[in-house]
Amino acid sequence: MGLSVEGEVARDIGGRPIEVISTGAALGAEVRGVDLKDLDISQFAALTRAWHDHQVILLRGQTLGDRDLIAFSRRFGDLDWAPVQETGRRFVEGLPEIYIVSNVTVNGQPIGSLGAGEAAWHTDMSYLDVPPMASMLYALEVPPSGGNTSFCSMYAIYQALPENLKRRIANLKIKHDGTYNSGGYLRQGVTATDDPRTSPGALHPLVCIHPDTGRRMLYLGRRRNAYLMGLELADSEALLDELWDFVARPAFTWEHVWRVGDLVLWDNRCTMHRRDPFDASARRIMHRTQIKGSAAPA
Ligand code: OGA
Ligand code: MN
């Protein structure tokens, strides 16, 4: 009983069909024919499978309030509380799961994080011992241009590494920095530092096995203040640069141009993402949830 057939309408007995359309890039697929407020069990199973297969899925034309976003997110598991925003507040009163990504200000105070600048390649909250397994962003307001979000496949990047490089990194651990967020802002309660050897963060294997797909992937987290444990700083920097050289290659990425009502769900273990800057006088408002990981990366 196949639940989802690539490029075709998938039916399950008694269930409603969903359609999975690959982006044609190294990762990403659009799933059509679903309302996330009203998703039956077979649709949810098909959606989960599409997500495992494609790492990032896009659902357009959704109409979700924060409680709907949380309810859909909870179908995947317990949620992490959002990181504290750059202003020190948690944003949505009574809903600590919601993280707001926005440049909009009200009474001079930003309503969210990351401003209008570039967000460098990263994966979310990997400075935790058990990072979220997934994050999703829901678009409430988008600027007329700019602010596109790109994703890269850490499976494809690992596969593309030369064999000798794979051997050199096989048993290394990497520190994922907890000092700065992807917009370059200092996290709450942390002292600024640019020494990766002493900055706070979590240690993870540099090469991990995805717990659901069994596939091998590179786990880089983010470049700033990353550190390969046990190496001289200069050697760590050089090897990290060698690995990061693979990250932004178009062969491993997919870029999303947002419309209001888009929901993008990414696998936070086997992908990274970045965001283009946009005109600071335009408005962009995204709400995010993050689903707890089941175990430390291994
Ligand atoms: C995030 C993030 C990028 C964007 O919410 O984790 O990195 O496009 N957002 O807003
Ligand atoms: Mn992010």
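What you see is a predicted model; the values in this text were computed from it and never measured.

### As for the coordination of the manganese ion (ligand 2)
Next, step 1: Distances from the manganese ion (ligand 2) to its protein donors, His122 (NE2), Asp124 (OD) and His273 (NE2), fall within 2.1 Å.
Next, step 2: Read in sequence order, the donor residues coordinating the manganese ion (ligand 2) give the pattern H-x1-D-x148-H. With a gap of 151 residues between them, His122 in strand β9 (residues 119-122) and His273 in strand β19 (residues 271-275) connect regions that are remote in the sequence.
Next, step 3: Under the relative-accessibility criterion, His122 is labelled buried at 6%.
Next, step 4: A residue is classified by how much of its surface remains accessible, and His273, at 6% relative accessible area, is buried.

### Some details on the pairing of strand β5 (residues 99-102)
Two faces make up the sheet, and in a regular strand the side chains alternate between them.
Next, step 1: Residue alternation in β5 divides its side chains into two sets, Tyr99 and Val101 and Ile100 and Ser102, and both sets are buried.
Next, step 2: As paired elements, β5 and strand β20 (residues 285-291) share 4 bridges and run antiparallel to each other. By the bridge assignment for β20, Tyr99 is matched with Arg288.
Next, step 3: Sheet topology note: the β5/strand β8 (residues 113-114) ladder contains 2 bridges and is parallel. Bridging from a neighbouring strand, Ser102 pairs with Leu114 of β8.

### Details of the pattern of salt bridges
Next, step 1: Under the criterion given, the structure shown has 18 salt bridges.
Next, step 2: Among the salt bridges present, the one from Arg74 reaches Glu97, with a minimum N-O distance of 2.9 Å. Taken together, the residues Arg74 in helix α2 (residues 66-74) and Glu97 in the loop between α2 and β5 connect sequence positions 23 residues apart.
Next, step 3: The exposure class assigned to Arg74 is partly exposed, which follows from its relative accessible area of 47%.
Next, step 4: Overall, the relative accessible area of 9% leaves Glu97 in the buried class.
Next, step 5: Between Arg168 and Glu242 there is a salt bridge; the shortest N-O distance is 3.2 Å. You can see Arg168 sitting in helix α4 (residues 163-169) and its partner Glu242 sitting in helix α5 (residues 233-244), a full 74 residues away along the chain.

### Concerning the site of ligand 1
Next, step 1: What surrounds ligand 1 is the set Val101, Leu114, His122, Asp124, Leu137, Thr149, Trp266, His273, Arg275, Arg284 and Arg288.
Next, step 2: Between Arg284 and ligand 1, the recorded distance is 2.7 Å, taken from a side-chain N or O atom to an oxygen atom.
Next, step 3: A distance of 2.6 Å separates an oxygen atom of ligand 1 from a polar atom in the side chain of Arg288.
Next, step 4: In the complex, the protein chains occlude 99% of the 290 Å² of accessible area that ligand 1 would expose alone.
Next, step 5: More than half of the atoms of ligand 1 fall within 2 Å of the grid points belonging to the largest cavity.
Next, step 6: Of the residues assigned to the shell around ligand 1, the class counts are 4 nonpolar, 3 polar and 4 charged.

### Focus on the sheet that holds strand β11 (residues 149-153)
Next, step 1: Strand order across the open sheet formed by 4 strands is β9-β19-β11-β17, with antiparallel pairing between neighbours. A single partner strand is all that each edge strand has here, and the edge strands are β9 and β17 (253-256). Taking each pair of neighbouring strands and ignoring which way they run, the sheet shows an average axis angle of 15 degrees.
Next, step 2: Pairing analysis gives 2 bridges linking β9 to β19, with the strands arranged antiparallel. Bridge pairing links Ala119 to Arg275 in β19.

### Observations concerning unusual backbone geometry
Next, step 1: In this structure, Leu114 takes a positive phi of about 80 degrees despite not being glycine.
Next, step 2: Residue placement: Leu114 occurs in strand β8.
Next, step 3: Here Leu114 falls in the buried class, since its relative accessible area comes to 10%.

### Thoughts on empty space enclosed by the protein
Next, step 1: This structure, assessed with the given rule, holds 2 cavities of 30 Å³ or more.
Next, step 2: In this structure, the largest cavity is lined by 21 residues; those nearest its centre are Leu114, His122, Asp124, Ser182 and Arg288.
Next, step 3: Among the elements of the structure, β5, β9 and β19 are those that each provide at least two residues to the lining of the largest cavity.
Next, step 4: Take the lining of the largest cavity: its biggest share by element is 3 residues, from β19.
Next, step 5: Among the residues making up the lining of the largest cavity, the classes are represented as 9 nonpolar, 5 polar and 7 charged.
Next, step 6: Counting residues domain by domain, the lining of the largest cavity receives three or more from each of domain 1 (8-148 + 255-291) and domain 2 (154-244).

What counts as what
- For every chain, the first residue of the written sequence is number 1, and numbering continues from 1 onward in sequence order.
- All chains are assigned letters beginning at A, and all ligands numbers beginning at 1, according to the order in which they are written.
- Residue-level local features of this predicted model are given only where pLDDT is at least 70; pairs of side-chain atoms are given and counted only at 80 or more, and the full residue set underlies all totals for whole chains, interfaces and linings.
- The basis for every side-chain value is the complete set of non-hydrogen atoms in the structure, without hydrogens or water.
- The rule for donors is simple: an N, O or S atom within 2.8 Å of the metal counts, and for Na, K and Ca the reach is 3.2 Å. Water is not among the atoms, so a site may look short of donors.
- Numbering of helices and strands runs from the N terminus, with a helix taken as a DSSP run of H or I at least four residues long and a strand as a DSSP run of E at least two residues long.
- Buried means the residue's accessible area, taken with a 1.4 Å probe over protein chains only, is under 20% of the maximum for its type, while exposed means over 50%, and partly exposed covers the values in between.
- Two strands are said to pair when DSSP picks up at least two bridges between them.
- Salt bridges are identified by distance alone: a Lys or Arg side-chain nitrogen within 4 Å of an Asp or Glu carboxyl oxygen.
- Whether a residue is near a molecule or strand depends on its heavy atoms: it is near if one of them lies within 4 Å of it.
- Polar contact criterion, stated in full: a pair of N or O atoms within 3.5 Å, where within protein one must be able to donate a hydrogen and the other to accept it, and residues adjacent in sequence count only if both atoms are side-chain atoms.
- Using a 1.4 Å probe, accessible areas were evaluated by the Shrake-Rupley method; residue-level cover was limited to the displayed protein chains.
- Put plainly, a pocket is an open set of points on a 1 Å grid over the protein atoms alone with protein on both sides within 12 Å along at least five of seven lines, a cavity is a set where a 1.4 Å probe fits but cannot get out, and a lining residue has an atom within 4 Å of a point.
- Those molecules having more than half of their atoms within 2 Å of a cavity or pocket grid point set are described as sitting in that cavity or pocket.
- Here the term charged refers only to Asp, Glu, Lys and Arg, the term nonpolar to Ala, Val, Leu, Ile, Met, Phe, Trp, Tyr, Cys and Pro, and the term polar to all other amino acids, Gly among them.
- Lines fitted to C-alpha atoms define the axes, with helix axes restricted to the stretch in contact, and inter-axis angles between N-to-C directions lie between 0 and 180 degrees.
- Grid points are joined across faces, edges and corners, and a volume is the space filled by probe spheres set on the points.
- Residue ranges labeled as domains rest on an automatic or database domain assignment.

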